[in-house]
Amino acid sequence: MPLALLNAPAWSPDNTVAIVAAVVALIGTVAAGIVAGRASVKANRVTAQSNERVAEQQAAAERARVESEAFSRAKEIYDHAISELREELDRVRAQHERTQEQLDKISERLLSERNSSQEIRDQLHGAQREMAAMTSRIEYMERVIGNLRQQLLTAGLTPDEHIIHGGSSP
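Parameters and conventions
Residues numbered from 1 in each chain as written. Predicted model: local features only at pLDDT ≥ 70, side-chain atom pairs only at ≥ 80, totals over all residues. Heavy atoms only, no water. Helix = DSSP H or I, 4+ residues; strand = E, 2+ residues; numbered from the N terminus. Buried < 20%, exposed > 50% of the residue type's maximum accessible area, 1.4 Å probe, protein only. Areas by Shrake-Rupley, 256 points an atom, 1.4 Å probe, with all protein chains shown as cover. Salt bridge = Lys/Arg side-chain N within 4 Å of Asp/Glu carboxyl O. pLDDT = per-residue confidence, 0-100. Contact = heavy atoms within 4.5 Å. Patch = residues over 30% accessible without salt bridge, like charges linked within 9 Å, V, L, I, M, F, W, Y side chains within 5 Å. Lys, Arg positive; Asp, Glu negative; His and termini not counted. Charge placed at Lys NZ, Arg CZ, Asp CG, Glu CD.

Attention now goes to the overall build of the protein. Broken down by element type, the protein carries two helices and zero strands. Residues classed as buried in the protein amount to 2% of the 170 residues present. A total accessible area of about 15000 Å² is found for the protein, and carbon and sulfur atoms account for 61% of it.

If you want it as structure tokens, here you go:
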């Protein structure tokens, strides 16, 4: 046995009260420590959740800011594209109008040439019909003259005129 236990004073009821008071104080301190620990854990959890919410809100605000800037840039790009497309549309419309005017002029010229060509064809056909009619008349007249000359020759007369033509000779 240890020496301190051998020399220990005798047990007294005051010692029991002191031990009980110490145990009660120890239990109270442990209970307070447990309550304080739980409160600390809960406070830390609440603080962590608050920090998480704040971080989420900050991230959402940052995303909104980035999206807003992206939207602004996209709007500028779209506005610029629309402006350029409208300018190109105006140029194409002007070119379309010029081309339409040229097409109208060409159509007018073609119609005029077609009309002129038709008039020339009509004149040519008329002249060809007239030539055919004159050729027929010439052939008829040559036959008549040839017959008349033949009748004169048959009658023993010599015609006074000498008509030279492609078909008959005197």
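Going through the model one piece at a time under the given rule, you end up with four salt bridges. With a closest N to O distance of 2.3 Å, Arg-65 and Glu-62 form a salt bridge. Here the residue Arg-65 and the residue Glu-62 both occupy positions in helix 2 (residues 13-154), the gap between them amounting to three residues, near one helical turn. A residue is classified by how much of its surface remains accessible, and Arg-65, at 39% relative accessible area, is partly exposed. A residue is classified by how much of its surface remains accessible, and Glu-62, at 38% relative accessible area, is partly exposed.

Moving on, we come to the confidence of the model for the protein. Confidence in the prediction for the protein averages 85 pLDDT; 86% of positions are at 70 or higher. Confidence drops under pLDDT 50 across residues 166-170; counting only partners more than four residues distant or on other chains, this segment forms three contacts.

Bringing a nonpolar patch on the surface into the picture now. Residues Tyr-140, Met-141, Val-144 and Leu-148 make up a contiguous nonpolar surface patch of roughly 390 Å² in combined accessible area. Looking at the secondary structure, you find Leu-148 in helix 2. Take Leu-148: its relative accessible area is 46%, and that puts it in the partly exposed class.

Let's shift gears to a negative patch on the surface. There is a patch of like negative charges on the surface, built from Glu-97, Glu-101, Asp-104 and Glu-108. Mapped onto the elements, Glu-97 comes out in helix 2.

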